[in-house]
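So you can see what is in the structure, the chains are spelled out below.
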Amino acid sequence: MTPIIQIKDVHKHFGNVHALQGVSLDIEKGEVVVIIGPSGSGKSTLLRCINRLEEFDAGSIIVDGIPLDTAANINAVRTEVGMVFQQFNLFPHLSVMNNILLAQQVVRRRSKEEASRNAMMLLEKVGIPDKANAFPLQLSGGQQQRVAIARALAMNPKIMLFDEPTSALDPEMIQEVLDVMLDLAREGMTMVVVSHEMGFAKAAANRAILMDAGQIVEEAPPDILFTQPKQDRTKLFLSKIL
Amino acid sequence: MPKDTHQTIRVFKTPSADQPPRHFDRWWFLLAAVIALIVLLITLVPDPYMRILRFVSDGIWVTFYVTMISFVLVLIFGLIGGLGRLSKVNILKGIATTYVEIVRGIPLMVQLYFWYFATPGLIRGLGGAIGSEALTNYKAEPIFMAIIGLTFCYSAYMSEVYRAGIQSISKGQMEAARSLGMTYFQAMRHVILPQAVRVILPPVGNEFITLLKDSSLVSVVAVADMTRRGREFQAATFTSIEPWIMVALLYLVMTLFSARIVTWIERKTRLER
């Protein structure tokens, strides 16, 4: 079966910085991939290239058979790929409910009834159905991030991208977000997660990838990568975060 | 415009608090005082103040609708200009920037003279060159040219206000909207502009009040607004003090009232937190 995400020799420059230096990566349907690496290693940039929030300079990315080239294709991919951000990026002027309704109605053209039903179901799933009428800034960070996950799931994505989803959270709120992500992984969602949460990686990921200086240094199942890394670069990085 | 410092403090109020604190805006008293002064003048000294009010009353209406029509157009063209300034397409950005720079560099009165006197001359010249009877006999309509002049000038300022407002919204908002599959314009309409509008309300209110005052300049291009009617009263009666007291008070009522309305809208649209 062809991989659902095919990344081939992608390069990206920010001015003089060569942020991605020929990254190639295939991700199978249903796979959960965790990307770790020091800051500036290009892991977030790679993730943002998958739904083309970041343009890349060379190489190709094909998502679910659709190459990221024309504007129409990019939009088509974005409707199939959900993204969760470090800073949540909920829409502060809309209630939790309307945050989840907006794209369903505007992009998916669902009726209000259908979209609301879907939204309530997702709020149940992430454990905060009582917050439907609250506004984002009235919620804790963990609650906001769970709403953000529900908002992305409302589009029925085939792939979910997580860009350091717990890095902006207070420690006691991290687990509630990870629990939602673990559930998703168990249901067979294809997930690409940039995160240093080793517990999550071990529990849910099929593969862990270490990136450094715009390149993939090493990839292996998480328990192997974390305990018996082959590369010195990986050993060095792990010694700093463990 | 006086900025109410209570607003920043009230950010921490939750709407679940049983009752929103009553918040009476004391600046309404100033407006009431000015209106009272006008009423006092026209009742106690009807000659000349009542006569002046009657004389300039059609000018009040002209000032009002020239300002209102211009402002609605400014809101539309300012947005187009602001989006142009932020465009990634270099040609659009270049056109918008050139427009803003040129308009900002020419006094409004000169611009109004240009629209009223120079433009019709150019149109008639063009008519002569291409042999068009209609264009050769073109005659400028003062109010039409005044509205064009005000709109052209203020749209440039307003586009800067829009630009600043849109730029003040964090990049993550656009990224979140786009990552959900919205197009640029859907994201602008549903996510960015509703937030930007709240940010720019105070400067937009300022623009409105400044536009209202600057509309007095249209009196130089044969529009019979409040200012021009005041001058006509002065010329007809050889009074130099009273008509300008009256005209000043009338402008003051309009601007103070506008400022209150802006503050009220600001309060109504504040984000719930």
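Residues numbered from 1 in each chain as written. Chains lettered and ligands numbered in written order. Predicted model: local features only at pLDDT ≥ 70, side-chain atom pairs only at ≥ 80, totals over all residues. Heavy atoms only, no water.

Novice: Before we go on, may I ask you to explain the packing of helix α5 (residues 108–130) of chain B against helix α7 (residues 142–167) of chain B in this structure?
Specialist: Any two packed helices are characterised by the angle at which their axes cross and by the distance between the axes. All names here are of chain B. Running from N to C, α5 and α7 point in directions that differ by 140°, and their axes come no closer than 9 Å. The orientation of α5 with respect to α7, classified from their angle, is oblique. Crossing of α5 over α7 shows right-handed handedness. Note on element contacts: α7 touches α5 through Pro-142, Met-145, Ala-146, Ile-148, Gly-149, Leu-150, Phe-152, Cys-153 and Tyr-154, opposite Leu-108, Gln-111, Leu-112, Trp-115, Tyr-116 and Thr-119. (Axes fitted to C-alpha atoms, helices over the stretch in contact; angles between N-to-C directions. Helix = DSSP H or I, 4+ residues; strand = E, 2+ residues; numbered from the N terminus. Parallel < 35°, antiparallel > 145°, perpendicular 65-115°, else oblique. Left-handed = near helix turned anticlockwise from the far one by under 90°. Contact = heavy atoms within 4.5 Å.)

Novice: Would you mind showing me how to read the pattern of salt bridges here?
Specialist: Pairing between side chains becomes possible if they bear opposite charge and their charged atoms approach one another. According to the stated counting rule, one finds 19 salt bridges over all chains in the structure shown. For Asp-212 of chain A, the salt bridge is made with Arg-233 of chain A, and the minimal N-O distance between the two is 2.5 Å. Taken together, the residues Asp-212 of chain A in strand β9 (residues 207–212) and Arg-233 of chain A in helix α9 (residues 232–241) connect sequence positions 21 residues apart. The class of Asp-212 of chain A is buried, set by a relative accessible area of 18%. Exposure remark for Arg-233 of chain A: the relative accessible area of 26% places this residue in the partly exposed category. A single network of salt bridges, built from pairs that share partners, joins Arg-85, Glu-101, Arg-104, Glu-160 and Arg-163 of chain B. (Salt bridge = Lys/Arg side-chain N within 4 Å of Asp/Glu carboxyl O. Buried < 20%, exposed > 50% of the residue type's maximum accessible area, 1.4 Å probe, protein only.)

Novice: Explain the layout of surface pockets to me, please; I cannot follow it from the model alone.
Specialist: The probe, sized like a water molecule, is rolled over the atoms to show the empty space still left. Reported here for the largest pocket is a volume of approximately 1,200 Å³. Along its surface, the largest pocket is lined by 31 residues, and Leu-86, Lys-88, Met-174, Arg-178 and Tyr-184 of chain B are the ones closest to its centre. Mapped by element, the contributors of at least two residues to the lining of the largest pocket are α2 (71–80) of chain A together with α3 (46–86), α7, α8 (171–179) and α9 (184–214) of chain B. Considered class by class, the residues forming the lining of the largest pocket number 14 nonpolar, six polar and 11 charged. (1 Å grid on protein atoms, 1.4 Å probe; cavity = no way out; pocket = protein on both sides within 12 Å on 5 of 7 lines; lining within 4 Å. Points joined across faces, edges and corners; volume = space filled by probe spheres on them. Nonpolar A, V, L, I, M, F, W, Y, C, P; charged D, E, K, R; others polar.)

Novice: Before we go on, may I ask you to explain the sheet that holds β9 of chain A in this structure?
Specialist: Strand pairing in a sheet relies on backbone hydrogen bonds. The paired strands run either parallel or antiparallel. Residue and element names in this part refer to chain A. Spatial strand order, β6-β7-β8-β3-β9-β10: six strands in an open sheet with mixed pairing. At either margin of the open sheet sits one strand with a lone partner, and together these are β6 (81–84) and β10 (215–220). The average angle at which neighbouring strand axes cross in this sheet is 20°, direction not considered. For β6 and strand β7 (residues 159–163), the ladder comprises four bridges, and the chain directions are parallel. (Pairing = 2+ DSSP bridges.)

Novice: Mind showing me how you'd approach empty space enclosed by the protein here?
Specialist: Counted according to the given criterion, the structure contains two cavities of 30 Å³ or more. Space inside the second largest cavity adds up to approximately 30 Å³. Contributing to the lining of the second largest cavity are Gly-82, Met-83, Arg-151 and Ala-152 of chain A together with Ala-176, Ser-179 and Leu-180 of chain B. If you list the elements that add at least two residues to the lining of the second largest cavity, you get β6 and α5 (141–153) of chain A together with α8 of chain B. For the lining of the second largest cavity, the per-class residue count stands at four nonpolar, two polar and one charged.

Novice: It is not clear to me how the nonpolar core should be interpreted in this structure. Could you clarify?
Specialist: It is characteristic of soluble globular proteins that their nonpolar side chains tend to be buried jointly. Membership of the largest hydrophobic core comes to 53 residues, with the highest contact counts inside it found for Ile-36, Ile-149, Met-160, Phe-162, Met-181, Met-191 and Phe-200 of chain A. Among the elements that make up this core, the one with the highest residue count is helix α6 (residues 171–186) of chain A (nine residues). In this view, Ile-149 of chain A contacts Val-84, Met-160, Phe-162, Val-177, Val-180, Met-181 and Leu-184 of chain A; residues no more than four positions away in its chain are not counted. Counting 50 residues, the second-largest nonpolar core is a separate cluster that includes Ile-61, Leu-102 and Val-194 of chain A together with Leu-193 of chain B. (Core = buried A, V, L, I, M, F, W, Y, C linked by side-chain atoms within 4.5 Å.)

Novice: Quick question: what am I supposed to make of unusual backbone geometry here?
Specialist: In most cases, non-glycine residues show a negative phi, while peptide bonds are predominantly trans. Look at the link from Asp-47 of chain B to Pro-48 of chain B: it is a cis peptide, with omega at 15°. Tracing the backbone shows Pro-48 of chain B in helix α3. Unusually for a residue other than glycine, Arg-52 of chain A sits at a positive phi of about 60°. Note that Arg-52 of chain A resides in the loop between α1 (43–50) and β4 (58–63).

Novice: Whenever I open this one, the environment of Ala-196 of chain B confuses me. Can you help?
Specialist: Residue and element names in this part refer to chain B. Tracing the sequence through the fold places Ala-196 in helix α9. Spatially, the C-alpha atom of Ala-196 lies 18 Å from that of Trp-264, the residues being 68 residues apart in sequence. With residues up to four places along the chain from it excluded, the contact list for Ala-196 reads Gly-165, Ile-166 and Ile-169.

Novice: I keep staring at the pairing of β9 of chain A and nothing clicks. Help me out?
Specialist: Each regular strand shows side chains that alternate between the opposite faces of the sheet. Residues and elements named next belong to chain A. Within β9, six of the six residues are buried, which leaves the element mostly enclosed by the surrounding structure. With burial as the criterion, each face of β9 is covered, one bearing Arg-207, Ile-209 and Met-211 and the other bearing Ala-208, Leu-210 and Asp-212. Examined bridge by bridge, β9 and β10 share five bridges and lie antiparallel to one another. Directly across from Met-211, in β10, lies its bridge partner Ile-216. Between the antiparallel neighbours β9 and β10 lie two residues, among them Ala-213 with a positive phi of about 50°.

Nothing here speaks to function; it is geometry throughout.
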